[in-house]
Amino acid sequence: MHNLSLKQLAEGLRSGKFSSRELTQHYLKRIEAFDPQLNSYITVTADQALAAADAADARLARGEGGPLTGIPLGQKDIFCTSGVRTSCASRMLDKFISPYDATIVKKLQAEAGMPMLGKLNMDEFAMGSSNETSWYGPVKNPWDVTRVPGGSSGGSVAAVAAGLAPVATATDTGGSIRQPAALTNLTGIKPTYGRVSRFGMIAFASSLDQAGVVARSAEDAAQVLQAMSGFDPLDSTSLDRPVDDLIAPLGRSIQGLRVGLPKEYFADGLDAGVRACIDGAIAELKKLGASFTEVSLPNSPLSVPTYYVVAPAEASSNLARFDGVRYGHRAEGVTALEDLYSRSRAEGFGPEVQRRIMIGTYVLSHGYYDAYYLQAQKVRRLIYDDFRRVFEQVDVILGPTATDVAFKLGSKTDDPVSMYLNDIYTIAANLAGIPAMSLPCGFKDGLPVGLQLMGNFFDEAKLLNVAHQYQQVTGWHQQSPKGFE
Amino acid sequence: MAQFIRIAYPHILNDSYPKMSLSPEQIRQVAKLARLELNPSLTDAYAGQISNILELVGQLSAAKTEGVGPMAHPLDMTQRLRADEVSQPDQREAFQAIAPAVQDGLYLVPKVIE
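Residues numbered from 1 in each chain as written. Chains lettered and ligands numbered in written order. Predicted model: local features only at pLDDT ≥ 70, side-chain atom pairs only at ≥ 80, totals over all residues. Heavy atoms only, no water.

Visitor: Outline the packing of aromatic side chains, listing residues and values.
Guide: Residue and element names in this part refer to chain A. Taken as a whole and assessed by the stated rule, the structure comprises 19 aromatic pairs over all chains. Each member of the aromatic cluster is reached from another via a ring pair, and the members are Phe96, Phe125, Phe322, Tyr327 and Phe349. Sitting above the plane of the Phe458 ring, Arg241 keeps its charged end 3.7 Å from the centroid. Over the ring of Phe407 we find Lys412, and its NZ or CZ is 4.4 Å from the ring centre. (Phe/Tyr/Trp six-rings, centres within 6.5 Å; stacked < 30°, edge-to-face > 60°. Lys NZ or Arg CZ within 6 Å of the ring centre and 35° of its normal.)

The structure is reproduced here in structure tokens:
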């Protein structure tokens, strides 16, 4: 059952081949059997999952429900789930039980009828590219358990790649959906900023954070993104515009599609084996009728430095709410209020989160604001203008998602700058706010390689269409890691 | 990395950018502002790592941004306003239930005034 597409699972549920309870039990058993090797779940919610599966079975028996009703999912542990621990992979929130549901939790679980299998591991507060900063320990890559799954949505991708969830939610602030999807042979999409509600999604960098999905195909991703998207009055940056149909356009021909290849994404620093896979994908898309032109995003090399001003600045203000008073970790035996704040925060946050808070505090502090923060916001506009110009000439931009395949656990943990450079190809899309996705396009030394597609604002349907057409003529996305059959 | 950017894309950078580094004393000051109790044994490590990160972001000062308006947000959105009406029920008890220490509906903190 865990090799079926979401569409096939929906057919199985409707035809009575299996019930949602049976399907959910199947995944819960797989989690029990395989997750000790991977550490992809922080919390498994078996009882709630089975209760939700029974409710879904009842809906289906009445002839109600939609295409996702009864299909279980994993939720990244950044989304607030009422009555279930929401940790954000931090000691700070180890005992935090959210009093409310995130909007996407309501949409996918209560409305669409997807039972939640559990809460998925991640980098602490989504700060990381390897899932090694989690308070609950690193996640392993199912393709090679000595390697990282990428991050921050490392638990989401490891679970879906190993068949421990049919599909999972994820979030992307600088590449946290696309880079882990690339490293685990999955299809992951970050929609346009504001397309999916951020209400109940624990904030890291509010002008960059966007929720999305990781799945085993573009078609699966389209179905879940369709159900997650939409205007939400509870999110002040939510887009008040109708959601496009993401499903019907999947089948369209891509004959005549204009694809831009940014020369900066193929410069020094890109691994030759990864490059070869990308070239193979370009050849396939040409056969489908796409045409390619070289384009330039001249300011994109500045996206990493821009991000490491903007994101920590926003994080340092967002994380100021954790004070040991209203919720979250509180230090014991403190006698002064000032010490309660600083000791609770020092004990509750891990080293990477503390580093970023300190960078953010520094770049926003008196005397440095103009040099760092204001300058970063200006460069952000240059990066955004680059995309606007290029999208006057092409429909989509294509390049690698990551410079190389998954790296060894522990190999970059002592060198933050080298870790940050993992996101060199993904960050620009967050700074500009455009949709972007990663999909499998081959293997180097037995490890998956991801292809990145970036689209103009609101062009999720076009990206998914291109990815789906590519997946109709290639089989990379159907490969699964050995040892998890 | 700085080297790499300079060689590959000299046209987007001005001639020079300052090398920034933070001393352990500055780290202590920043940690104080951020309300983080600093483990003394980690101060030097943080100073080194954060200096490396600032060197990376220091490249920004060499970007040519004369006349460019700062961008705070994608789509240059403005915050939406809602009607000034009560829209949420009182959830005081639910919120207090997850607090580390409460009494009589109040959040408890260490004594502030002697």
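Visitor: An account of the pairing of strand β6 (residues 210–215) of chain A is requested, with residue identities and associated values reported.
Guide: All names here are of chain A. Burial within β6 is extensive, with 6 of its 6 residues counted as buried. Residues of β6 alternate between two faces, with Gln210, Gly212 and Val214 on one and Ala211, Val213 and Ala215 on the opposite face, all of them buried. Note that strand β4 (residues 168–172) and β6 share 5 bridges and pair antiparallel. Bridge assignment links Thr171 to a residue of β6, and that residue is Ala211. (Buried < 20%, exposed > 50% of the residue type's maximum accessible area, 1.4 Å probe, protein only. Helix = DSSP H or I, 4+ residues; strand = E, 2+ residues; numbered from the N terminus. Pairing = 2+ DSSP bridges.)

Visitor: Go over the interface of chain A and chain B, please, and point to the residues and values.
Guide: Across the contact, 75 residues belong to chain A and 58 residues belong to chain B. By the criterion of area lost to chain B, the three top residues of chain A are Met358(A), Tyr362(A) and Arg381(A), representing 11% of everything that side buries. Where chain A touches chain B, the interface holds 1 salt bridge. For the salt bridge of Glu338(A) with Arg35(B), the shortest nitrogen-to-oxygen distance reads 3.0 Å. Remark: the boundary between chain A and chain B carries 15 residue pairs in polar contact (both at pLDDT 80 or more). Those elements giving two or more residues to the side of chain A that touches chain B turn out to be α9 (303–318), α10 (337–348), α11 (351–363), α12 (369–390), α13 (416–420) and α14 (427–432) of chain A. (Contact = heavy atoms within 4.5 Å. Buried area = accessible area lost by both parts, 1.4 Å probe. Salt bridge = Lys/Arg side-chain N within 4 Å of Asp/Glu carboxyl O. Polar contact = N/O pair within 3.5 Å; in protein donor to acceptor, adjacent residues only side chain to side chain.)

Visitor: For the side chain of Ser176(A), give the residues involved together with the corresponding values.
Guide: All names here are of chain A. By the secondary structure assignment, Ser176 is in the loop between β4 and α6 (178–183). Among the residues examined, Ser176 registers a relative accessible area of 6% and is labelled buried. Polar side-chain contacts of Ser176 include one of 2.9 Å to the side chain of Ser152. When sequence neighbours within four positions are dropped, the list of residues in contact with Ser176 reads Lys76, Ala126, Gly128, Gly151, Ser152, Ser153 and Thr171.

Visitor: Residues and numbers for the packing of helix α4 (residues 103–111) of chain A against helix α7 (residues 218–228) of chain A, please.
Guide: Residues and elements named next belong to chain A. Where α4 meets α7, the axes come as close as 9 Å, and the angle between the chain directions of the two elements is 120 degrees. Judged on the interaxial angle alone, α7 and α4 are oblique. Counted together, Ile104, Lys107 and Leu108 of α4 and Val224, Ala227 and Met228 of α7 form the full contact between these two elements. Of the residues assigned to the contact of α4 with α7, the class counts are 5 nonpolar, no polar and 1 charged. (Axes fitted to C-alpha atoms, helices over the stretch in contact; angles between N-to-C directions. Parallel < 35°, antiparallel > 145°, perpendicular 65-115°, else oblique. Nonpolar A, V, L, I, M, F, W, Y, C, P; charged D, E, K, R; others polar.)

Visitor: Which residues make up the pattern of salt bridges, and what values go with them?
Guide: All names here are of chain A. Tallied over the full model, the rule gives 22 salt bridges over all chains. In this structure, Lys444 engages Asp271 in a salt bridge whose closest nitrogen and oxygen atoms are separated by 3.2 Å. Taken together, the residues span a long stretch of sequence, with Lys444 in strand β10 (residues 436–444) and Asp271 in the loop between β7 (258–262) and α8 (272–287) at a distance of 173 residues. The class for Lys444 is buried, based on a relative accessible area of 17%. For Glu352, the salt bridge is made with Arg355, and the minimal N-O distance between the two is 2.6 Å.

Visitor: Can you explain α8(A)? Please cite residues and give values.
Guide: Residue and element names in this part refer to chain A. Over its 16 residues, α8 extends 23 Å from the first C-alpha to the last, a length consistent with the 22 Å expected when each residue adds 1.5 Å. The set of residues buried in α8 consists of Val274, Cys277, Ile278, Ala281, Ile282 and Leu285. The arc enclosing the buried residues of α8, seen along the axis, measures out at 145 degrees, which places them on a common side. Residues of α8 that are exposed and point more than 90 degrees away from the buried face comprise Ala272 and Lys287. Where α8 is buried, its residues contact β7, β8 (291–295), β9 (396–400), β10, β11 (447–455) and α15 (460–473). (Expected span 1.5 Å × (residues − 1). Arc of directions from axis to C-beta.)

Visitor: Explain a nonpolar patch on the surface to me, and be specific about the residues and the numbers.
Guide: Together, Tyr100(A), Phe95(B), Val102(B) and Tyr107(B) give the surface a local cluster of nonpolar side chains, amounting to about 310 Å² of exposed area. With respect to the helices and strands, the residue Tyr100(A) is situated in the loop between β2 (73–76) and α4. Here Tyr100(A) falls in the partly exposed class, since its relative accessible area comes to 31%. (Patch = residues over 30% accessible without salt bridge, like charges linked within 9 Å, V, L, I, M, F, W, Y side chains within 5 Å. Areas by Shrake-Rupley, 256 points an atom, 1.4 Å probe, with all protein chains shown as cover.)

Visitor: How would you explain unusual backbone geometry if you had to name every residue and give the values?
Guide: Residue Ser152(A) follows Gly151(A) across a cis peptide bond; omega there is 10 degrees. Despite not being glycine, Phe458(A) has its phi angle at roughly 70 degrees, a positive value. Assignment of secondary structure puts Phe458(A) in the loop between β11 and α15. With a phi close to 50 degrees, Asp104(B) is a non-glycine residue in the positive phi region.

Visitor: Any chance you could break down the pairing of β4(A) for me, citing the residues and the numbers?
Guide: Summarising burial for β4(A): 5 of the 5 residues are buried, a large majority. Here β4(A) shows no split at all, with Ala168(A), Ala170(A) and Asp172(A) on one side and Thr169(A) and Thr171(A) on the other all buried.

Visitor: I'd love a proper account of the environment of Asp386(A), names of residues and values included.
Guide: Residues and elements named next belong to chain A. Among the structural elements, Asp386 can be located in helix α12. Take Asp386: its relative accessible area is 3%, and that puts it in the buried class. The residues touching Asp386, leaving out its near neighbours within four places in the chain, are Leu297, Pro298, Asn299 and Ser300. Of the polar contacts made by the side chain of Asp386, one reaches the backbone nitrogen of Asn299; its length is 2.7 Å.

Coordinates in, geometry out; function isn't part of it.
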